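Summary of structural features
Take a look at the letters that make up each chain.
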Amino acid sequence: MDLTVLLVKGLIILIIFAITLGIAAYSTYGERKVAAFLQDRIGPNRAGPWGLLQPLADGGKMFFKEDFIPSQASKWLFILGPCLAMLTALMSSAVIPFGDTIKFGNYAIPIQAIEINIGVLYIFGVVSLGVYGIMVGGWASNNKFSLLGAIRAASQNISYEIALGLSLIAILMMSGSLSLTAIINEQATFFEWNIFTQPLGFVIFLTCAFAECNRTPFDLPECETELVGGYHTEYSSMKLGFYLFAEYINMFVSSAFISALYFGGFHYPFMNEIGQALEKSLGAITGHNVATAIGVAAYFGKILFFIFFFMWVRWTVPRFRYDQLMNLGWKTFIPLAILNVVITGAGLLYNFKYATWLIAIVMIVLAVSSMSRAPKREIVPQRG
């Protein structure tokens, strides 16, 4: 590889790494602000203007807190747990293409840390390893509540990864590739975005992403009403910080993955027309790079929207019971995901990309009819 290309590629990797950490850090600030807005409060407003330095204050506090290791814990595994959670979270974003290519001279370098044609399998493999960080930490703590939280995490992740993978198979059937770049390029125009051809797959994938990230209403591994603090009950200082930080990184990666699979990634409406106009007015290379920058901004706009959606749901939907969580995963999402694959295959056979809308329409009709047949409860006035 040419030294210039290698240096630019290294710079792109560093920038993606820094942006991932920055967005994860300020997601903690954003979550507290969103929670404050939904609950009619102010939120962080002391550290810096509008509280913008609050994530730095939280990080400093974590660094200087006492690093406590229980006497009966397995020391090395206790340390390994949060390290694994953080490592797998940071590795996930390596294959995500955040933009088109940057041109200079005769070079055209994609804005992607690692270019591989099995990016989807890479992300699934790395995400699957993330549960080991939780399992190892819960086991090594030698605390029954931590162990129960870790067992819940493992069973939850395994259950929802099946439906997650099945919902993704329909996308792979339509694109014919495991490369994220190829999947994004298949959605070059607005009405070719997969959200229009795979609405049911999107709903299943999004819901499973909540479970994979241990986000409300599926945050059963750290359900404080039953398990004290869940799998990280015994953790303090930056070990606890790593677990909490890994959750926000996973949320960022999930939002980027959803945007790439269903919302066109770095594509946006009238992208080709805007690109051609920029190349005419600014020149071929400069115009292309400006168009690429606009695409990167559009991609991060989609990512930030889904991060906000994760936070919005947290303060809107109550937590599921564990039996409800398992029933939803095994009895609802897995059969629906299999049906979605079958209908997608039939649609491809007869050259009808929108076949899965039939499932969505039938489900909406059944839901409306069941609601109309439901007996109305009479409100009996209470006697004073």
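Given the structure is predicted, the values throughout are model-derived calculations rather than measurements. (Residues numbered from 1 in each chain as written. Predicted model: local features only at pLDDT ≥ 70, side-chain atom pairs only at ≥ 80, totals over all residues. Heavy atoms only, no water.)

Moving on: the overall build of the chain. Along the chain, the regular secondary structure elements total 14 helices and 2 strands. Taking 384 residues into account, the globule formula puts the C-alpha radius of gyration at 21 Å, and the chain, at 23 Å, falls close to it. If one aligns the C-alpha atoms of the chain with their principal axes, the spans along those axes are about 75 × 60 × 45 Å. Burial status across the chain gives 47% buried among its 384 residues. (Helix = DSSP H or I, 4+ residues; strand = E, 2+ residues; numbered from the N terminus. Rg over C-alpha atoms; globule rule 2.2 N^0.38 Å. Buried < 20%, exposed > 50% of the residue type's maximum accessible area, 1.4 Å probe, protein only.)

Position of Thr344 among the secondary structure elements: in helix 13 (residues 322–349). Looking at Thr344, its side chain comes within polar contact range of the side chain of Gln198, at 3.0 Å. Setting aside anything within four residues of it in sequence, one finds Thr344 in contact with Ala170, Met173, Met174, Gln198 and Thr356. (Polar contact = N/O pair within 3.5 Å; in protein donor to acceptor, adjacent residues only side chain to side chain. Contact = heavy atoms within 4.5 Å.)

Here we take up a nonpolar patch on the surface. A cluster of nonpolar side chains, contributed by Phe37, Leu38, Phe305, Phe308, Trp312 and Trp315, occupies part of the molecular surface with about 650 Å² of accessible area. Of all the elements in the fold, those that place two or more residues in the nonpolar patch are helix 1 (3–38) and helix 12 (284–314). We classify Leu38 as partly exposed; its relative accessible area is 38%. (Patch = residues over 30% accessible without salt bridge, like charges linked within 9 Å, V, L, I, M, F, W, Y side chains within 5 Å. Areas by Shrake-Rupley, 256 points an atom, 1.4 Å probe, with all protein chains shown as cover. Salt bridge = Lys/Arg side-chain N within 4 Å of Asp/Glu carboxyl O.)

On to the nonpolar core, then. Residues Phe98, Leu180, Phe257 and Leu261 are the most contacted members of the largest nonpolar core, which totals 89 residues. When residues of this core are assigned to their parent elements, the largest contribution, 15 residues, is made by helix 10 (residues 237–262). If we skip the residues at most four places from it in the chain, Phe257 touches Val120, Ile123, Phe124, Leu168, Leu180 and Phe205. (Core = buried A, V, L, I, M, F, W, Y, C linked by side-chain atoms within 4.5 Å.)

With 14 residues, helix 8 (residues 199–212) ought to run about 20 Å at 1.5 Å a step, and its terminal C-alpha atoms sit 20 Å apart, in line with that. In terms of residue burial, helix 8 counts as a mostly covered element, since 13 of its 14 residues are buried. Of the residues trailing helix 8, Asn214 is marked for its positive phi of about 55 degrees. (Expected span 1.5 Å × (residues − 1).)

Attention now goes to the environment of Ser372. With respect to the helices, strands and loops of the structure, Ser372 is situated in helix 14 (residues 357–373). Overall, the relative accessible area of 58% leaves Ser372 in the exposed class.

Between helix 10 and helix 12, the shortest axis-to-axis distance is 8 Å and the interhelical angle comes to 125 degrees. The orientation of helix 10 relative to helix 12 falls into the category oblique. The handedness of the crossing between helix 10 and helix 12 comes out as right-handed. For the pair helix 10 and helix 12, the contacting residues are Tyr248, Met251, Phe252, Ser254, Ser255, Ala256, Ile258, Ser259 and Ala260 in the first and Tyr299, Phe300, Lys302, Ile303, Phe306, Ile307, Phe310, Met311 and Arg314 in the second. Across the contact of helix 10 with helix 12, the residue classes tally to 13 nonpolar, 3 polar and 2 charged. (Axes fitted to C-alpha atoms, helices over the stretch in contact; angles between N-to-C directions. Parallel < 35°, antiparallel > 145°, perpendicular 65-115°, else oblique. Left-handed = near helix turned anticlockwise from the far one by under 90°. Nonpolar A, V, L, I, M, F, W, Y, C, P; charged D, E, K, R; others polar.)

Geometrically, a pair of aromatic rings is defined through the distance of the ring centres and the angle of the planes. Applying the stated criterion across every chain, the model contains 28 aromatic pairs. Aromatic rings pair up to connect Phe190, Phe191, Trp193, Phe196, Phe202, Phe205, Phe257, Tyr262, Phe263, Phe305 and Phe306 into one cluster. Sitting over the ring of Trp76, Lys75 keeps its end group 5.6 Å from the ring centre. (Phe/Tyr/Trp six-rings, centres within 6.5 Å; stacked < 30°, edge-to-face > 60°. Lys NZ or Arg CZ within 6 Å of the ring centre and 35° of its normal.)

On to the pairing of strand 1 (residues 101–104). Both strand 1 and strand 2 (residues 107–110) contribute to a ladder of 4 bridges, which runs antiparallel. The residue of strand 2 that forms the bridge with Ile102 is Ile109. Count of turn residues in the strand 1/strand 2 antiparallel hairpin: 2 residues, of which Gly105 carries a positive phi of about 65 degrees. (Pairing = 2+ DSSP bridges.)

For the rest of this paragraph, the subject is the confidence of the model for the chain. Reading predicted coordinates in detail is not appropriate for stretches of low pLDDT. On average, the chain scores 87 in pLDDT, and the residues at 70 or more come to 96%. The secondary-structure element of the chain with the lowest mean pLDDT is helix 9 (residues 224–227), recorded at 68, while helix 12 shows the highest, at 92. (pLDDT = per-residue confidence, 0-100.)

Moving on, we get to the side chain of Ser175. Take Ser175: it is sitting in helix 5 (residues 144–175). Overall, the relative accessible area of 17% leaves Ser175 in the buried class. When residues no more than four places from it in sequence are discounted, the contact partners of Ser175 are Ile183 and Glu186.

Further remarks concern the state of the cysteines. Linking two cysteines covalently through their sulfur atoms gives a disulfide. Overall, the coordinates contain 0 disulfides when judged by the stated rule. Not engaged in a disulfide, the cysteine Cys213 finds its nearest cysteine sulfur in Cys208; these two sulfurs lie 11 Å apart. What makes Cys213 buried here is its relative accessible area of 5%. (Disulfide = S-S within 2.5 Å.)

The subject of this paragraph is unusual backbone geometry. Between Thr216 and Pro217 the backbone carries a cis peptide bond, its omega angle lying at 10 degrees. Summarising the element assignment, Pro217 is placed in the loop between helix 8 and helix 9. Of note in the backbone geometry, Asp40 takes a positive phi value of approximately 60 degrees without being a glycine. Within the secondary structure, Asp40 is located in the loop between helix 1 and helix 2 (54–64). Judged by relative accessible area, Asp40 falls into the exposed class, the value being 73%. Non-glycine residue Ser237 carries a positive phi angle of around 55 degrees. The topology assignment puts Ser237 in helix 10. Exposure remark for Ser237: the relative accessible area of 6% places this residue in the buried category.

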